[in-house]
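# Remarks on the overall topology
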Amino acid sequence: MKKIIISLKKEKYPVYLDCHLSKLGYLIKQHNCGGKVLVVTDENAGKLFSQIVVNSLKAAGNKVKVLTVKPGESSKTFNVAYNLLKECSLYRMERTDVIVALGGGVICDLAGFVSSIYLRGIRFVSIPTTLLAQVDASIGGKTAINLPWGKNLVGAFHQPFFVVMDFSTLETLPDREISQGMAEVIKSAVIRSKKLFNYLIKIDASETRKHLKYFVPECVLIKKRVVETDEKEEKGIREILNFGHTIGHAIEINSKKLNHGESVSVGMVGETFLAFKKGICSYSTFEKVKSLVEKYCLPTKSGITAEAAAKSMLFDKKTKDGRYRFVLPVRIGAVKTGIEITPEEIISNWEKWQ
Ligand code: GLY
């Protein structure tokens, strides 16, 4: 088992890589926490992994309760968060007790958010079981729920006590779930790593699963470097992780078909096209990003109108004085932040890259 330490200004925590879920009880003890543990999971992850997690926690002397929510973004709401908070309170959880997030990005965001506000913040341990959550959502302490018109509009920074990644959980994922995780792998490569981008070009996409053990630590290291320099997105550095997400979130909130990774894929292609149109990157950079997205079976078209997307983008967290601010690639491995783009530019280019 390897570990990567995320070192922030006031706190640091380990990310245990390739660590079997049955080690959780031992790790909780090692970190001097535990007592009452509330495991928050969804129907998919819970069915596969909650028993092993519960057994491990109980064997280490913890009292354990499991709460299961419906899979998907529809669980990132005030109602679901309220029900979890109510359960925490009725279970008489105290500040030293622990919430465990067991699942994908939705569970990490939701359980992390609940732990950030219950009793003004209790400990939480993140166990991301999807590729998307391992390469992005579980690192860096962003927690959130959605509002009906915008993603992640309510949330807090709340760092996990530690993160456990068991790579064998990725073996259970359907192909579409691997693909949506690959969108965040491609994003990490475009913003910070030409080496990872070239690796993604070189390998055979039908053998993606064989390479996950390489992608996950690479992406954790990229994210570590970003969040360590700009923990709370105050210096214009952490913003780079939003590449593809300005258009992506607008698509996701309007789409009934595309998931997060798929929406971000369309967003990455669109934002690279806008970068080309603004003279920030070359046409060949646009072609490279588009063909990599296609190679990993991810979409470049959304079926959403430019007008609907432009309206949703006004709620993007980077928007300032009603103006959209984008993260755009300069070349593979480097991006520029704070680029202003008008609604007219979005609307007039929308059909050109879709
Ligand atoms: N997922 C973007 C961030 O953590 O900042």
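An account of the accompanying structure is given in this report.

### Here we look at helix H8 (residues 212-229)
Each α-helix turn comprises 3.6 residues. Residues three or four places apart therefore point the same way. Here H8 contains 18 residues, and its C-alpha end-to-end distance of 26 Å stays within 8% of the 26 Å for a straight helix at 1.5 Å per residue. The complete set of buried residues in H8 reads Leu212, Phe215, Val216, Pro217, Glu218, Cys219, Val220, Ile222, Lys223, Lys224, Val226 and Val227. Those residues of H8 that are buried lie in contact with strand E1 (2-7), strand E2 (12-17), helix H5 (131-137), strand E9 (162-165), helix H6 (175-192) and helix H7 (194-202).

### Examining the site of the ligand
Close to the ligand lie Asp136, Lys142, Lys223, Arg238 and Leu241, which account for all nearby residues. With respect to the ligand, the side chain of aspartate 136 contributes an N or O atom lying 3.1 Å from a nitrogen atom. Across the complex, the protein chains shield 89% of the 200 Å² of accessible surface that the ligand would expose by itself. For the shell around the ligand, a count of residues per class yields 1 nonpolar, no polar and 4 charged.

### Brief notes about unusual backbone geometry
One non-glycine residue, asparagine 32, lies in the positive phi region at around 55°. Along the chain, asparagine 32 falls in the loop between helix H1 (24-30) and strand E3 (36-42). Taking relative accessible area as the criterion, asparagine 32 reaches 67% and is therefore assigned exposed. Of note in this structure, arginine 92 is not a glycine but carries a positive phi near 55°. Counting through the fold element by element, arginine 92 comes out in the loop between helix H3 (78-90) and strand E5 (98-103).

Calculation notes
Residues numbered from 1 in each chain as written. Predicted model: local features only at pLDDT ≥ 70, side-chain atom pairs only at ≥ 80, totals over all residues. Heavy atoms only, no water. Helix = DSSP H or I, 4+ residues; strand = E, 2+ residues; numbered from the N terminus. Expected span 1.5 Å × (residues − 1). Buried < 20%, exposed > 50% of the residue type's maximum accessible area, 1.4 Å probe, protein only. Contact = heavy atoms within 4.5 Å. Near = heavy atom within 4 Å. Polar contact = N/O pair within 3.5 Å; in protein donor to acceptor, adjacent residues only side chain to side chain. Areas by Shrake-Rupley, 256 points an atom, 1.4 Å probe, with all protein chains shown as cover. Nonpolar A, V, L, I, M, F, W, Y, C, P; charged D, E, K, R; others polar.

In short, geometric facts, not functional conclusions.
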